[in-house]
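# Residue-level structure breakdown
If you want the building blocks of each chain, they are given just below.
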Amino acid sequence: MSPQLPTPLLAVLLLTALALAREAKAQAWTQPPGHAFLKLAYGASTAAQQYTFDGRRKPYADDVVGPAYFDRSLYLYGELGLVDGLTLSASVPYKRVTVNDTTFRYDTAALGDVEAGLRVRLPSLWGVNLASNLRAALPTGYVRNLVPAPGAGQVDLTATVDAGRGLGSWAYVQGGVGYRMRTGIYGLSTAQACQAGQDRGCGIDVQPDLGDEVRGRLEIG
């Protein structure tokens, strides 16, 4: 198992961040020209099941009872105000992923899909801030047919319209809707030549045609 920060230390870090924060900026707000925002986040997820292509649930790893997938990753996120009403954003994940089966443990530690985006301020409506976000998720040359891979291996494009409203000086609420296009562009990742079923931790490079997504989000902070 990967080391985790003790709960008291996490609480201290959270309270310190809240005490130092003077102003919140998010998906519906653009940064002033020359202003920057940086955030380092830690994400953890664990799974015992997964969905098949026909929508059924099955154990994540055959014959494994309990969790078999573990993701413990770091995410560096930044924003930079370019000109009035236009903000550049970027996210760089360092993925640490582990998959267990009945015999072996498979580990990957590598950069995942880097996300680059532009946020354009739209005219406000009834005191609600509006912005359009355009983002591209770009693989970083990792091997996509090894288990576990740090990403799906193809370029994704996402466009959303986000709305937000401040609640005094202490909170905000925002939400957005958009569309994610899963392209068939796999040139920014690589595939390793191997024989599936014989070379441990290697699968067939199928390059699936994944379906597009309509996305929605709601956030209170």
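The rules behind these values
Residues numbered from 1 in each chain as written. Predicted model: local features only at pLDDT ≥ 70, side-chain atom pairs only at ≥ 80, totals over all residues. Heavy atoms only, no water. Helix = DSSP H or I, 4+ residues; strand = E, 2+ residues; numbered from the N terminus. Buried < 20%, exposed > 50% of the residue type's maximum accessible area, 1.4 Å probe, protein only. Contact = heavy atoms within 4.5 Å. Areas by Shrake-Rupley, 256 points an atom, 1.4 Å probe, with all protein chains shown as cover. Phe/Tyr/Trp six-rings, centres within 6.5 Å; stacked < 30°, edge-to-face > 60°. Disulfide = S-S within 2.5 Å. Pairing = 2+ DSSP bridges.

### Structural notes on the overall build of the chain
The secondary structure content of the chain amounts to one helix and eleven strands. Sequence-ordered secondary structure for the chain, helices as α and strands as β, is α-β-β-β-β-β-β-β-β-β-β-β. Evaluated residue by residue, the chain yields a buried proportion of 32% over its 221 residues. Excluding contacts between residues fewer than 6 apart, the proportion of contacts in the chain whose partners are at least 24 apart in sequence is 63%. Summed over all atoms, the accessible surface of the chain reaches about 13,800 Å², with 61% contributed by carbon and sulfur.

### Digging into the packing of aromatic side chains
Evaluation of the coordinates by the stated rule reveals four aromatic pairs. Plain terms: the ring middles of Trp29 and Tyr172 are 6.0 Å apart, the flat faces sit at 80° to each other, and that makes the pair edge-to-face. Residue Trp29 is located in the loop between α1 (7-20) and β1 (36-47), and its partner Tyr172 is located in strand β10 (residues 171-182); the two are separated by 143 residues in the primary sequence. Taken individually, Trp29 and Tyr172 each receive the classification buried, so the pair is uniform in this respect. Residues Tyr60 and Tyr69 carry aromatic rings whose centres are separated by 5.2 Å and whose planes lie at 45° to one another, so their mutual orientation is tilted. On the basis of relative accessible area, Tyr60 is assigned to the partly exposed category, the value being 24%.

### Looking at the state of the cysteines
Scanning the model with the defined rule gives one disulfide in all. Residue Cys194 pairs covalently with Cys202 via a disulfide, S to S 1.4 Å. Judged by the sign of its S-S torsion, about -45°, the bond between Cys194 and Cys202 is left-handed. On the accessibility criterion, Cys194 (26% relative accessible area) is partly exposed.

### So, the pairing of strand β4 (residues 69-83)
Pairing analysis gives twelve bridges linking β1 to β4, with the strands arranged antiparallel. Across the sheet, residue Tyr42 finds its bridge partner in β4, namely Leu74. As consecutive antiparallel partners, β4 and strand β5 (residues 86-100) are separated by two residues, and within that stretch Gly85 has a phi angle of approximately 85°, a positive value.

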